[in-house]
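Single-letter residue listing:
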Amino acid sequence: MDRIVVRGGGPLNGSITVSGAKNACLTLMPATLLSEEPLTLTNAPRLSDIRTMTTLLESLGAEISTMQDGKVLAMSSHDADNPVADYDIVRKMRASNLVLGPLLARHGHAVVSLPGGCAIGARPMDLHISALEAMGAKIELKDGYLHAKATGGLKGAQIHLEFASVGATENTVMAATLAKGTTVLSNAAREPEIVDLVECLRRMGAQIDGEGSGTITIQGVDRLHGATHPVVADRIETGTYMLAPAIAGGTIELIGGRMGLLGAFCEKLDACGLEVVETPKGLRVSRRNGRVDAVNVVTEVFPGFPTDLQAQMMAVMCTANGVSVLEERIFENRFMHAPELIRMGAQIDVQGGTATVTGVDRLKGAQVMATDLRASVSLILAALAAEGETVVNRVYHLDRGYERVEDKLSACGADIERVSDHD
Ligand code: EPZ
């Protein structure tokens, strides 16, 4: 298994090109099942999660060819006739559940393994199920699989999500594009990845309004045609690298970064002493003074502070001036990076969904363990200015969501390298 070795050092200076958004690409790819015609995605990120989704869609009968070193995904579901998403693939990645709505819309039935929980939480699918049942689907759980049937096809419905779930919104919107009649989805998630999905579906001929607001209206059509769509920039990757100068100092320009994708996150950066300037190519970030100031964070649905940036912000708060309180309101177990940061000398007290961080002068390098995607990258951030060497093990978590993090950071002057066990 690979590991990443970081030797803490001085300020970082340079630019990082932001890749296409993993969480947009993972919902755009299943949309190929909604049409017999080719759907091509450009600006796709080269990540293991994308390869997992490719394997899943191919098992359903889609044909996917990757071009331009993986940045272009040319997909055709013309002959996709298998409605069964197998546990062996689904268990590897929870986002596999995003084939449920498209399969149901395409075949009138679907058998999708429940993805099961993951490190950060139980990750149930009750909101996905109740939304699709409101559209006439009959869904039952048998042997760990959801068996869904919509004889006569799905019907438009008025649906209210109890919680603005990203995945439930995506499954429902995709299913509704081919339903008979109109679906109005209220308390829909507003994340930029959903806006990007709707823009792609509209290119395919879907009739959808309201994306990015709390209510999305979908007028079902008989069929969708092919399209080519560029994957939106990854706001979580952008936010992650914006925090590198917060910890290590210096100035980094995020090429392709867009302020509008970051919601409340940018206000927090300003509050803790980071200067963010929009440039013709993206966003330039630097610290106003020597060290950032502690700020409090509460994770919320978009446009609130993203839960996917909570671990990274905690790493920054470990060497901030003062005490910060971070409250995780989206997932039930998303502080697994805390014990690892404590091994590096951080002062963190976790009580349930709240972590209190008291800033220290400097962290110390250590052997640490990555437990999930965002926890892994928070350890790398912490290591950038730590004293000595940090070894982050189990970086396969990292490769799920970050393209060659060591290349992007070393191009800005970080002393970071990937070491393979067989090296
Ligand atoms: C998406 O997951 C993202 N993944 C997650 O990113 C992100 O953290 C999350 O949205 C929140 O922004 C992808 O887009 C592939 P949710 P999703 O449904 O759709 C509960 C990363 O690091 N819930 O909005 O699964 C759920 O348990 C990943 O890139 C139900 O209770 O998130 C959680 O507590 C991690 N019932 C909360 O809602 C349901 O039916 C948010 O889940 C569905 C969700």
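Since this is a predicted model, take the numbers as computed values, not measurements.

### Describing the overall build of the protein chain
Next up, step 1: Across its full length, the protein chain carries 15 helices and 24 strands.
Next up, step 2: The C-alpha atoms of the protein chain give 21 Å as radius of gyration, which agrees with the globular expectation for 423 residues (22 Å, within 12%).
Next up, step 3: C-alpha extents for the protein chain along the principal axes are approximately 65 × 45 × 40 Å.
Next up, step 4: Out of the 423 residues belonging to the protein chain, those deemed buried represent 58%.
Next up, step 5: The contacts of the protein chain with a sequence gap of at least 6 include a subset with a gap of at least 24, amounting to 74%.
Next up, step 6: When the accessible surface of the protein chain is summed, it comes to about 15,900 Å², and 48% of that surface belongs to carbon and sulfur atoms.
Next up, step 7: The average position of the 39 basic charges and that of the 51 acidic charges among the side chains of the protein chain differ by 1 Å.

### So, the pattern of salt bridges
Next up, step 1: On inspection of all chains with the given rule, the structure shows 23 salt bridges.
Next up, step 2: The salt bridge partner of Arg-329 is Glu-327, with a shortest N-O separation of 2.9 Å.
Next up, step 3: Using a relative accessible area of 26% as the deciding quantity, one classes Glu-327 as partly exposed.
Next up, step 4: The network of salt bridges with shared partners includes Asp-2, Asp-399, Arg-404, Glu-406, Asp-407 and Arg-418.

### Overview of the nonpolar core
For soluble globular proteins, nonpolar side chains are generally found buried alongside one another.
Next up, step 1: Met-29, Leu-57, Val-99, Leu-201, Met-242, Met-317 and Leu-409 are the most contacted members of the largest nonpolar core, which totals 148 residues.
Next up, step 2: Per element, the largest residue contribution to this core is eight residues, and it comes from helix α13 (residues 373-384).
Next up, step 3: Ignoring sequence-local partners within four residues, the contact set of Met-242 consists of Leu-254, Leu-262, Phe-265, Cys-266, Leu-269, Leu-274, Val-276, Leu-283 and Val-285.

### Thoughts on the packing of aromatic side chains
Next up, step 1: All told, the structure shown has two aromatic pairs when counted by the stated rule.
Next up, step 2: Ring plane angle 80° and centroid distance 6.4 Å describe the contact between Tyr-241 and Tyr-402, whose orientation is recorded as edge-to-face. Placement of the pair is Tyr-241 in helix α8 (residues 235-242) and Tyr-402 in the loop between α14 (396-399) and α15 (405-410), with a sequence separation of 161 residues. Per residue, the accessibility class of Tyr-241 equals that of Tyr-402, and both read buried.

### Looking at the sheet that holds strand β9 (residues 145-149)
Next up, step 1: Pairing is mixed in the open sheet, where four strands are placed in the order β6-β7-β9-β8. At either end of the open sheet lies a strand with only one pairing partner, and these are β6 (84-85) and β8 (138-142).
Next up, step 2: Relative to β9, strand β7 (residues 109-113) runs antiparallel, the two being bridged by five bridges. Each bridged residue has a counterpart across the sheet, and for Val-112 the counterpart in β9 is Leu-146.
Next up, step 3: Together, β7 and β9 form the strand contacts of helix α4 (residues 100-107), whose direction differs from that of β7 by roughly 155°.

### Some thoughts on the site of the ligand
Next up, step 1: If you check the shell around the ligand, you find 22 residues, and the closest are Asp-126, Leu-127, Ser-165, Asp-308 and Ile-330.
Next up, step 2: Between an oxygen atom of the ligand and a side-chain N or O atom of Lys-22, the distance comes to 2.9 Å.
Next up, step 3: Within the contact set of the ligand, an oxygen atom lies 2.7 Å away from a backbone nitrogen or oxygen of Leu-127.
Next up, step 4: Considered on its own, the ligand offers 820 Å² of accessible surface; in the complex 87% of this is hidden by protein.
Next up, step 5: Mapped onto the shell around the ligand, the elements with two or more residues apiece are α1 (22-28), α5 (126-134), α6 (166-176) and α13.
Next up, step 6: No other element matches the three residues that α5 contributes to the shell around the ligand.
Next up, step 7: Split into classes, the residues belonging to the shell around the ligand amount to 10 nonpolar, five polar and seven charged.

### Some details on the packing of α6 against helix α7 (residues 192-203)
When two helices pack together, their arrangement is given by the angle between the helix axes and the distance between those axes.
Next up, step 1: The interhelical angle for the contact between α6 and α7, taken along N-to-C directions, is 10°, at an axis separation of 10 Å. As the angle between them shows, α6 and α7 are arranged roughly parallel. Contacts from Val-166, Thr-169, Glu-170, Val-173 and Met-174 of α6 reach α7 at Glu-193, Ile-194, Leu-197, Val-198 and Leu-201.
Next up, step 2: Among the residues forming the contact of α6 with α7, the class breakdown is seven nonpolar, one polar and two charged.

### Re the pairing of strand β11 (residues 182-186)
Next up, step 1: Burial along β11 is one-sided: Thr-183 and Leu-185 are buried, while Thr-182, Val-184 and Ser-186, pointing the other way, are not.
Next up, step 2: Strand direction decides the pairing type here: strand β10 (residues 158-160) and β11, joined by three bridges, are parallel. Within the sheet, the bridge partner assigned to Gln-158 lies in β11 and is Val-184.
Next up, step 3: Since β10 and β11 lie parallel, the crossover through α6 that links them has a hand, and here it is right-handed.

### Some details on helix α2 (residues 48-59)
Next up, step 1: Compared with the 16 Å implied by 1.5 Å per residue over 12 residues, the 17 Å span of α2 between its first and last C-alpha is a close match.
Next up, step 2: Taken together, the buried positions of α2 are occupied by Asp-49, Ile-50, Thr-52, Met-53, Thr-54, Leu-56 and Leu-57.
Next up, step 3: Tucked into the core, α2 has its buried residues touching α1, β4 (63-67), β5 (72-76), β6 and α3 (87-90).
Next up, step 4: Where α2 ends, the next residue or the one after it, Gly-61, has phi of about 105°, a positive value.

Criteria and cut-off values
- Within any chain, residue numbers begin from 1 and follow the written order of that chain's sequence.
- Selection of residues for local features in this predicted model requires a pLDDT of at least 70, selection of side-chain atom pairs for listing and counting requires 80 or more, and totals for whole chains, interfaces and linings are taken over all residues.
- Side-chain numbers come from the whole structure's heavy atoms, not from hydrogens or water.
- For helices the rule is a DSSP run of H or I covering at least 4 residues; for strands it is a run of E covering at least 2, with both sets numbered from the N terminus onward.
- Restricting the calculation to C-alpha atoms gives the radius of gyration, and the globule rule supplies 2.2 Å times the number of residues raised to the power 0.38.
- Exposure categories follow from relative accessible area, calculated using a 1.4 Å probe and restricted to protein chains: below 20% of the type maximum is buried, above 50% is exposed, and the middle band is partly exposed.
- Contacts between residues were defined by any pair of non-hydrogen atoms, one from each residue, lying within 4.5 Å.
- Accessibility throughout is a Shrake-Rupley quantity obtained with a 1.4 Å probe, and a residue counts as covered only by protein chains that appear here.
- Residues scored as charged are limited to Lys and Arg (positive) and Asp and Glu (negative), so that His and the chain ends carry no count.
- By convention, the point assigned to a charge is CZ for Arg, NZ for Lys, CD for Glu and CG for Asp.
- Any Lys or Arg side-chain nitrogen found within 4 Å of a carboxyl oxygen on Asp or Glu counts as a salt bridge.
- The set of buried Ala, Val, Leu, Ile, Met, Phe, Trp, Tyr and Cys residues whose side-chain atoms join them within 4.5 Å is what this entry labels a nonpolar core.
- Classification of ring pairs uses Phe, Tyr and Trp, with its six-membered ring standing for Trp, and accepts pairs whose centres are within 6.5 Å; under 30 degrees between planes counts as stacked, over 60 as edge-to-face, and the remaining range as tilted.
- We treat two strands as partners when DSSP finds at least two bridges between them.
- In this description, a line fitted to the C-alpha atoms serves as the axis of each element, helices being fitted only across the stretch in contact, and the angle between N-to-C directions of two axes falls anywhere from 0 to 180 degrees.
- The near set for a molecule or strand comprises every residue that places at least one heavy atom within 4 Å of it.
- Here a polar contact means two N or O atoms within 3.5 Å. Within protein one must be a hydrogen donor candidate and the other an acceptor candidate, and residues neighboring in sequence count only if both atoms are side-chain atoms.
- Classification convention: Asp, Glu, Lys, Arg as charged; Ala, Val, Leu, Ile, Met, Phe, Trp, Tyr, Cys, Pro as nonpolar; all other residues, Gly among them, as polar.
- If an angle is under 35 degrees, it is roughly parallel; if it is over 145, roughly antiparallel; if it lies from 65 to 115, roughly perpendicular; otherwise it is oblique.
- A clockwise course of the path from the first strand over the helix to the second, judged with the strands pointing away from the viewer, identifies a crossover as right-handed.
- Multiply 1.5 Å by the residue count of a helix minus one, and that product is the helix's expected span.

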